[in-house]
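Understanding the architecture of this molecule
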Amino acid sequence: MDLSRFTKRGEFAWEVAPREAMHVPAIVYADEALMHAMDEKVYTQVTNVAKLPGIVKACYAMPDAHWGYGFPIGGVAAFDPARDGVVSAGGVGFDISCGVRCLHTGLHKEDLEANQKRLVDTLFERIPCGVGRTGPMRLRRKELDAMLSGGAEWAVSCGYGTRVDLERIEERGCMRGARAEEVSAQAKDRQCEQMGTLGSGNHYLEVQHVAKVFDYETGSVFGLSPGDIVVSIHCGSRALGHQIGTDFLKKMLAASAEYGIKLPDRELACAPIESPLGQSYLGAMRAGINCALANRQIITYLTRQVFADVLPKANLTLLYDVSHNTCKEEVHVVDGKRMPLYVHRKGATRALGPGHPDLPAAFHPVGQPVLIGGTMGTASYVLVGTMESAALSFSSACHGAGRAMSRHQAVRHWRGREVLDELATRGILVRSPSMRALAEEAPLAYKDVSAVVDAADRAGLARKVAKLEPVVCIKG
DNA sequence: ATGTTC
């Protein structure tokens, strides 16, 4: 990316002052090396979003930002409903409420040694993954609607976990204000057999060990010590979220003209928050959030069954479950005034600081666990939310490594079998229904997740707590 | 991300 258009604001923040139709500045958080390597499209997209009606304060890009549909992936933007602020389907993304859930196992690295192969094979056998795979249940319309209203709370009421799990899920497992009736029949039909499935692309289930702890005090509050075994699940709302995105993009494109919104890019199609279409999308999108929360809860249930068979000593309890593709109503301070805003986070993790009322009591002294998914060959990180991120990024941080190479390029560079074998020599056992998917997801097709996390840490978006390294990975 | 292109 050409840096000459940015003004440096400290070592890790780069600002574009409002120009042309921009209402607010655009700010990218990254170090100089990540800035140089960053997709040129991030500049175009982050400055385009700054032109949308009702945007407040600034449009942000996280250190892992790259080219997305309309908004960059790694983008954060907040809109004021009282000043014609908008909601955008492309600002949430197609995989509504894609997120990461991390589970303690109570096991230590040595406990795995004799069972690693059996564990990966059993997980692969029992956890449906890959394009179009169906899950362990088929929901009738009424049950599906209950799921869309209830999220993980619904899943627990069906026996997929306990109420203790809900405490450690964003929104306590249920996004309020969901409107199942705003979700199309097509979206529901596509989803009815997909609950409890991982999906494809960068989605995965990994068994990881805590390779390093940077902050022992917070690590102890999070229950993370060196050598501990954890399970991380990265997936979202499957076909349902994708269909909601497709349905509403079409409606928003037609409506943008009707509402007199001048779009800098058709992909930024949106509707005023206070309009019937804006409210309809928010209701459907919240139903999509509940679908993702329920999905991760059911996958957790399946994972617990696998551990009960393979490593019965294990006890899987939630550290936390947090999304990185949402639009949520939150109160933030802008120009010294507290106001309700609609915060879009697309490939950006909510990262609440210490004492925030939306956090469970256990996290009040330190802040929210911020779960950063890596690639199958590298590392994942657990960060903790800071007080200063409220002013820096509407309490948001990065979400992963971010792609450095397109899927198409990756397939030309590597063969899936090579990737699999190379990882196996490093002690990482991977299973996937698709060799092509493994080539697409080759670790080197991603940016260096450690550099991304360091930049987020140094910028003050969130602080490093622990580094997780994979042992076993199920990839869609 | 996605019944990997209505």
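Going by what an unreviewed UniProt entry lists, chain A is known as tRNA-splicing ligase RtcB and is assigned to Nitrococcus mobilis Nb-231. Under the heading Subunit (unreviewed entry), UniProt records this for chain A: "Monomer." Checking UniProt for chain A, the heading Sequence similarities (unreviewed entry) contains the comment "Belongs to the RtcB family."

So, about the overall build of chain A. For chain A, the count of helices and strands is 16 helices and 19 strands. When the backbone C-alpha atoms are referred to their principal axes, chain A occupies close to 60 × 50 × 50 Å. Across the 476 residues that make up chain A, the buried fraction comes to 63%. Across chain A, contacts joining residues at least 24 apart in sequence account for 77% of those joining residues at least 6 apart. Roughly 17,600 Å² of accessible area belongs to chain A as shown, and the carbon and sulfur atoms make up 51% of that amount. Seen as two clouds, the 55 positive and the 53 negative side-chain charges of chain A have centres 3 Å apart.

As recorded in UniProt, the feature "active site" (unreviewed entry) lies at His 399. Relative to the helices and strands, His 399 is located in the loop between strand S17 (396-397) and helix H13 (407-413). Of the polar contacts made by the side chain of His 399, one reaches the side chain of Asp 64; its length is 2.6 Å.

Another aspect to go through is the pattern of salt bridges. Opposite charge on two side chains permits pairing when their charged atoms draw close. The final tally for this structure, using the stated rule, is 35 salt bridges. A salt bridge links Glu 181 to Arg 179, with the shortest nitrogen-to-oxygen separation between them at 3.7 Å. We classify Glu 181 as exposed; its relative accessible area is 58%. Of the charged contacts in the structure, one is a salt bridge between Arg 463 and Asp 457, with a shortest N-O distance of 3.8 Å. Residue class for Asp 457 comes out buried when judged on its relative accessible area of 15%.

Contacts to DNA strand B come from 15 residues, most closely from Arg 190, Ser 200, Gly 201, Asn 202 and Arg 238. Expressed as a percentage, the sugar and phosphate content of the atoms of DNA strand B within 4 Å of the protein is 52%. Within the side chain of Gln 194, one N or O atom sits 3.0 Å away from a phosphate oxygen of DNA strand B. The separation between a base nitrogen of DNA strand B and a polar side-chain atom of His 242 is 3.4 Å. Among the secondary structure elements, those contributing two or more residues to the surface near DNA strand B are helix H8 (185-191) and helix H10 (238-258). Per-class residue counts for the surface near DNA strand B are three nonpolar, eight polar and four charged.

In this section: the side chain of Ser 389. Looking at the secondary structure, you find Ser 389 in helix H12 (residues 389-393). Apart from the residues within four sequence positions on either side, Ser 389 is in contact with Ala 351, Phe 394, Ser 395, Ser 396, Gly 460 and Leu 461.

How two helices pack is summed up by the angle between their axes together with the distance between the axes. Interaxial distance between helix H5 (residues 116-126) and helix H11 (residues 276-310) falls to 10 Å at its minimum, and their mutual angle equals 145°. Once H5 is placed against H11, the crossing between them reads as right-handed. Taken together, the residues of H11 that come into contact with H5 (itself represented by Arg 118, Leu 119, Thr 122, Leu 123 and Arg 126) are Leu 302, Thr 303, Gln 305, Val 306, Phe 307, Asp 309 and Val 310. Its residues assigned to classes, the contact of H5 with H11 comprises six nonpolar, three polar and three charged.

The next point concerns H5. Taken as a whole, H5 has its buried residues at Gln 116, Leu 119, Val 120, Thr 122 and Leu 123. Those residues of H5 that are buried are in contact with helix H4 (109-112), strand S8 (204-213), H11, strand S18 (429-431) and strand S19 (462-475).

Applying the stated rule across the entire model yields nine aromatic pairs. Ring geometry for Phe 6 and Tyr 43: centres 5.8 Å apart, planes at 75°, overall edge-to-face. With Phe 6 in the segment before strand S1 (7-8) and Tyr 43 in helix H2 (residues 40-49), this residue pair connects regions lying 37 residues apart in the sequence. Neither Phe 6 nor Tyr 43 differs from the other in exposure class; each is buried. Aromatic rings pair up to connect Tyr 29, Tyr 60 and Phe 394 into one cluster.

Among the structural elements, Glu 40 can be located in helix H2. Along the primary structure Glu 40 and Met 1 are separated by 39 residues, whereas in three dimensions their C-alpha atoms are 4.7 Å apart. Sequence-distant contacts of Glu 40, defined by excluding residues within four places in its chain, comprise Met 1, Asp 2 and Arg 5. Of the polar contacts made by the side chain of Glu 40, one reaches the side chain of Arg 5; its length is 2.7 Å.

On to the sheet that holds strand S3 (residues 26-29). On the basis of which strands lie adjacent, the open sheet formed by seven strands has the order S1-S2-S3-S4-S5-S13-S12 and mixed pairing. Looking along the sheet, the strands with just one partner apiece sit at the ends: S1 and strand S12 (325-334). Examined bridge by bridge, S1 and strand S2 (residues 13-16) share two bridges and lie antiparallel to one another. The residue of S2 that forms the bridge with Lys 8 is Trp 14. With respect to the sheet, H11 is in contact with S12 and strand S13 (337-346), its orientation differing from that of S12 by roughly 110°.

Right, let's get into the side chain of Arg 238. Along the polypeptide, Arg 238 turns up in helix H10. Summary of buried charges: Arg 238 has no salt-bridge partner, and the nearest side chain of opposite charge, Asp 95, is 7.5 Å away.

What follows covers H2. For H2, the tally of buried residues reaches seven of ten residues, placing the bulk of the element in the interior. Looking at the buried residues of H2, the elements they touch are S2, S3, strand S4 (59-66) and strand S5 (73-79).

Thresholds applied
- One numbering rule holds for all chains: residues counted from 1, following each sequence as written.
- By the order in which they are written, chains take letters starting at A while ligands take numbers starting at 1.
- pLDDT decides what is reported in this predicted model: residues at 70 or higher carry local features, side-chain atom pairs at 80 or more are listed and counted, and totals for whole chains, interfaces and linings draw on all residues regardless.
- Where side-chain values are given, they derive from all heavy atoms of the structure, hydrogens and water being excluded.
- UniProt positions are given in the numbering used here, feature names are shortened, and annotations may be inferred rather than shown by experiment.
- Comment: elements are numbered from the N terminus, with helices defined as DSSP H or I runs of at least four residues and strands as E runs of at least two.
- Working definition: with a 1.4 Å probe on protein chains only, accessible area under 20% of the residue-type maximum means buried, over 50% means exposed, and in between means partly exposed.
- Throughout, a residue-residue contact means that at least one pair of heavy atoms, one from each residue, lies within 4.5 Å.
- Surface accessibility in these figures is a Shrake-Rupley result with a 1.4 Å probe; residues are shielded only by whichever protein chains are displayed.
- His is not counted, nor are the chain ends, whereas Lys and Arg count as positive and Asp and Glu as negative.
- Every charge is mapped onto a representative atom, which is NZ of Lys, CZ of Arg, CG of Asp or CD of Glu.
- Contacts described as polar in this section are N or O atom pairs within 3.5 Å, which, within protein, must combine one atom able to donate a hydrogen with one able to accept it, while residues neighboring in sequence count only if both atoms come from side chains.
- When a carboxyl oxygen of Asp or Glu is within 4 Å of a side-chain nitrogen of Lys or Arg, the pair counts as a salt bridge.
- Note on definitions. A residue lies near a molecule or strand when any single heavy atom of the residue is within 4 Å of it.
- Each residue is assigned to one of three groups, with Ala, Val, Leu, Ile, Met, Phe, Trp, Tyr, Cys and Pro labelled nonpolar, Asp, Glu, Lys and Arg labelled charged, and all others, Gly among them, labelled polar.
- A fitted line through C-alpha atoms represents every axis, and for helices the fit uses only the stretch in contact; the resulting angles, taken between N-to-C directions, go from 0 to 180 degrees.
- Handedness of each helix crossing follows the sense of rotation of the near helix against the far helix: counterclockwise by less than a right angle gives left-handed, clockwise gives right-handed.
- Here a Phe, Tyr or Trp ring, Trp counted by its six-membered ring, pairs with any other such ring whose centre lies within 6.5 Å, and the pair is stacked when the planes are under 30 degrees apart, edge-to-face when over 60, and tilted otherwise.
- Two strands make a pair as long as DSSP finds a minimum of two bridges between them.

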